[in-house]
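Understanding the architecture of this molecule
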Amino acid sequence: MADIRTTIAGLQMVNPVMTASGTFGYGLEFADLVDLSQIGGIIMKGTTLNPREGNDYPRMAETACGMLNCVGLQNKGVDYFCGHIYPQVKDIPSNMIVNVSGSSPEDYAACAARINELDKIPAIELNISCPNVKQGGMAFGVTTEGASQVVRAVREAYDKTLIVKLSPNVTSIADIARSVEDAGADAVSLINTLMGMAIDIEKRKPRLSINTGGLSGPAVKPVAVRCVWQVAKAVKIPVIGLGGIMNAEDAIEFFMAGASAIEIGTGNFIDPAISVKVAQGISDWLDRHHYESIHDIVGII
Amino acid sequence: MKQCKDLKIVAVEHPNDGYVLLKLTDAEQLPAIHAGQFVEIKVENSPQTFLRRPISVNFVDENRNELWLLIQVVGEGTRHLANLQLGDTLNVLFPLGNGFSQGVAGDKVLLIGGGVGIAPLLEYAKQLKQVGATPYLLLGGRSANNLLQLDIFRQFGEVYVTTEDGSMGEKGFVTNSSILQLFNSSTSPHRGGNAQRAEGVSFSRISCCGPKPMMMAVAKWAKEHQVKCEVSLENLMACGLGACLCCVEKTVKGNVCVCKEGPVFDIEELTWS
Ligand SMILES: Cc1cc2nc3c(=O)[nH]c(=O)nc-3n(C[C@H](O)[C@H](O)[C@H](O)COP(=O)(O)OP(=O)(O)OC[C@H]3O[C@@H](n4cnc5c(N)ncnc54)[C@H](O)[C@@H]3O)c2cc1C
Ligand SMILES: Cc1cc2nc3c(=O)[nH]c(=O)nc-3n(C[C@H](O)[C@H](O)[C@H](O)COP(=O)(O)O)c2cc1C
Ligand code: FES
């Protein structure tokens, strides 16, 4: 059987499949439905320094082969995470990773510093690419200066594995990737959602409360594969690929484009056990094609 | 415990053009289901239907190990569900949400349903009767042919009907029903005082499921008459598990997930005006 164990910037994973932030809660919500120990890493909900109520309803619109969301980083803040959620998730036998968001470099750094104190959290994923909050979020992710400023601030406050999540809503994602690599990121993950919009023509109104939202699901996969391919060619740090993965074949595309691991987001809504099925499917595909290890196909394109 | 599995379709009934009643079973014993809980259905072979579809549990037939879903056709996904055949399987994630308040013996609960919102009330009426409570059913529809399962409802409690076109029962909306007027006349003009209420009809609680304007009208009536009231919401959902935060409703505690904290809420928790 092919070896699909993976190490990303020091993180040891049973397989290269993780669950994407905002789509898998804190893992607990899925505990009845999938064996969490068989998931390479669980990236929990976006967490900010202070509590956030998020945007108004409606926050979701189904679109062709995907969905738009404008949740807007609803969460109870990092103190609540440390006090109430961490005790519940710290013994889940997977890499429990916190997705960190903010509206200033200082915010990001302060939030990361709190997470740094938590023994059982081996990594953070820095979200500099959320399209659904007015200030911050994506604003940092769309310029090389903004991106490196945030990453530098966090790097000083955080000494474990630092993954930086990139936005596809930019002219050159490879430039942004290089700037966060230079600023001290250990790995990059991409893509976050693509900014989109949908209109209810009968009501003559946008279908989302804040008009625009982030597109995810199979509809974005070709864009995501292209971004991963460009970034993998531009940086030396590991690349984590995501965007529209629904099965093992989709995942293999990302590996060939240069990803060392993948995340699954919207797919969890369709099949709560998708992550484990995709991991098994990757292993089967490698066997069928006589590869001994997942590493043999990473970046072959 | 939640599960995600293929259930087998053992009956497909079309009570009228716009609705389908699916009866599902499994080789294993179905999990305990609390009235008001729902399932998330994967709609196969429908490219336009990407996300699962939330549907309330209509009824559980313990003897036959069957779970019933009553579905109104409103779009592509429900149209596909209406075309399913005997022997097909349906991938179902369930049971989800919290459901209606558990009744206790002696409770008199008024269940108000509108349109396809009557679906979860059938199982609730059954469960209330099982614990020794008395369900009263007030069911509203556009016309007689929208009012389904009345015979089964009658096995569990008294049924009152309103139709907008007057083709069955009383003409008008549920809030015009005489059962409410009866309550009304016995309590007004001096509200309060249980002795006074007992002359007419008094309810421990109202549980309501239907179109939002109807639920808002019922909630308003309940507030005016100081009756406890809970409503079952149908916010758009993506995960059904409390993971994505798409289905939130504003409450006195802030934004909460309808799929996890609900779908049933006490109206005192909501910020409806
Ligand atoms: C907890 C819960 C329980 C439900 N129980 C039942 C039930 O027992 N029987 C039943 O027939 N329906 C029920 N619904 C509503 C049902 O989920 C929708 O009608 C269905 O998802 C529509 O899918 P579609 O693909 O046919 O329509 P779409 O093409 O998705 O939409 C068609 C129309 O239906 C409306 N619609 C879509 N989703 C919803 C929704 N969640 N709530 C209200 N309107 C919606 C859309 O706004 C649109 O106008 C329930 C919804 C929730 C959230
Ligand atoms: C409902 C929802 C909420 C999300 N919340 C977050 C978040 O808090 N932080 C983040 O970095 N990405 C968030 N995302 C983006 C996903 O993690 C992922 O990058 C994106 O959906 C693309 O992957 P997919 O097509 O597999 O879903 C969210 C996506 C969805 C659908
Ligand atoms: S539908 Fe995802 S949290 Fe309710």
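Here's what I pulled together on the structure shown here. None of these values were measured; they are calculated from a predicted model. (Residues numbered from 1 in each chain as written. Chains lettered and ligands numbered in written order. Predicted model: local features only at pLDDT ≥ 70, side-chain atom pairs only at ≥ 80, totals over all residues. Heavy atoms only, no water.)

For ligand 2, the set of nearby residues contains 22 residues, the closest of which are Ser21(A), Lys165(A), Gly217(A), Gly244(A) and Thr266(A). Surrounding ligand 2 is a set of residues that belongs to chains A and B. With respect to ligand 2, the side chain of Thr266(A) contributes an N or O atom lying 2.6 Å from an oxygen atom. Classifying every residue of the shell around ligand 2 by side-chain character gives six nonpolar, 15 polar and one charged. (Near = heavy atom within 4 Å. Polar contact = N/O pair within 3.5 Å; in protein donor to acceptor, adjacent residues only side chain to side chain. Nonpolar A, V, L, I, M, F, W, Y, C, P; charged D, E, K, R; others polar.)

All names here are of chain B. Here we have seven strands laid out as an open sheet, ordered E11-E10-E9-E8-E12-E13-E16, and mixed in their pairing. A strand with exactly one partner marks an edge of an open sheet, and here the two such strands are strand E11 (170–171) and strand E16 (264–266). The pairing of strand E12 (residues 205–209) with strand E13 (residues 229–232) spans four bridges and is classified as parallel. Considered in E13, the bridge of Ser 207 is made with Glu 230. Packed on one face of the sheet, helix H6 (residues 212–224) meets strand E8 (108–114), E12 and E13 and runs near 170° to E12. (Pairing = 2+ DSSP bridges. Helix = DSSP H or I, 4+ residues; strand = E, 2+ residues; numbered from the N terminus. Contact = heavy atoms within 4.5 Å. Axes fitted to C-alpha atoms, helices over the stretch in contact; angles between N-to-C directions.)

What follows concerns the pattern of salt bridges. Any two side chains of opposite charge can pair if their charged atoms end up close together. All names here are of chain A. Summed over the entire model, instances satisfying the criterion amount to 28 salt bridges over all chains. Its salt-bridge partner being Arg 114, residue Glu 117 comes within 3.8 Å of it at the nearest N-O pair. For Glu 117, a relative accessible area of 56% translates into the label exposed. As a salt-bridge pair, Glu 253 and Lys 221 come within 2.7 Å of each other at their nearest N and O atoms. With Glu 253 in helix H7 (residues 248–257) and Lys 221 in helix H6 (residues 221–234), this pair connects stretches of sequence that are 32 residues apart. What you see here is one network of salt bridges that share partners, running through Asp 79, Arg 114 and Glu 117. (Salt bridge = Lys/Arg side-chain N within 4 Å of Asp/Glu carboxyl O. Buried < 20%, exposed > 50% of the residue type's maximum accessible area, 1.4 Å probe, protein only.)

Residues and elements named next belong to chain A. For the coordinates displayed, the defined rule picks out one cavity of 30 Å³ or more. By volume, the largest cavity is sized at about 540 Å³. As for the largest cavity, its lining consists of 39 residues, and the residues nearest its centre are Ser 21, Gly 22, Thr 23, Asn 69 and Thr 193. Listing elements by their share of the lining of the largest cavity, those giving two or more residues are strand E4 (41–47), strand E6 (66–69), strand E14 (212–216), strand E16 (261–264) and helix H8 (267–270). In terms of residue class, the lining of the largest cavity is built from 17 nonpolar, 19 polar and three charged. (1 Å grid on protein atoms, 1.4 Å probe; cavity = no way out; pocket = protein on both sides within 12 Å on 5 of 7 lines; lining within 4 Å. Points joined across faces, edges and corners; volume = space filled by probe spheres on them.)

Let us now look at a nonpolar patch on the surface. Together, Met197(A), Ile199(A) and Ile201(A) make up a nonpolar patch on the protein surface, roughly 330 Å² of accessible area in all. The exposure class assigned to Met197(A) is partly exposed, which follows from its relative accessible area of 49%. (Patch = residues over 30% accessible without salt bridge, like charges linked within 9 Å, V, L, I, M, F, W, Y side chains within 5 Å. Areas by Shrake-Rupley, 256 points an atom, 1.4 Å probe, with all protein chains shown as cover.)

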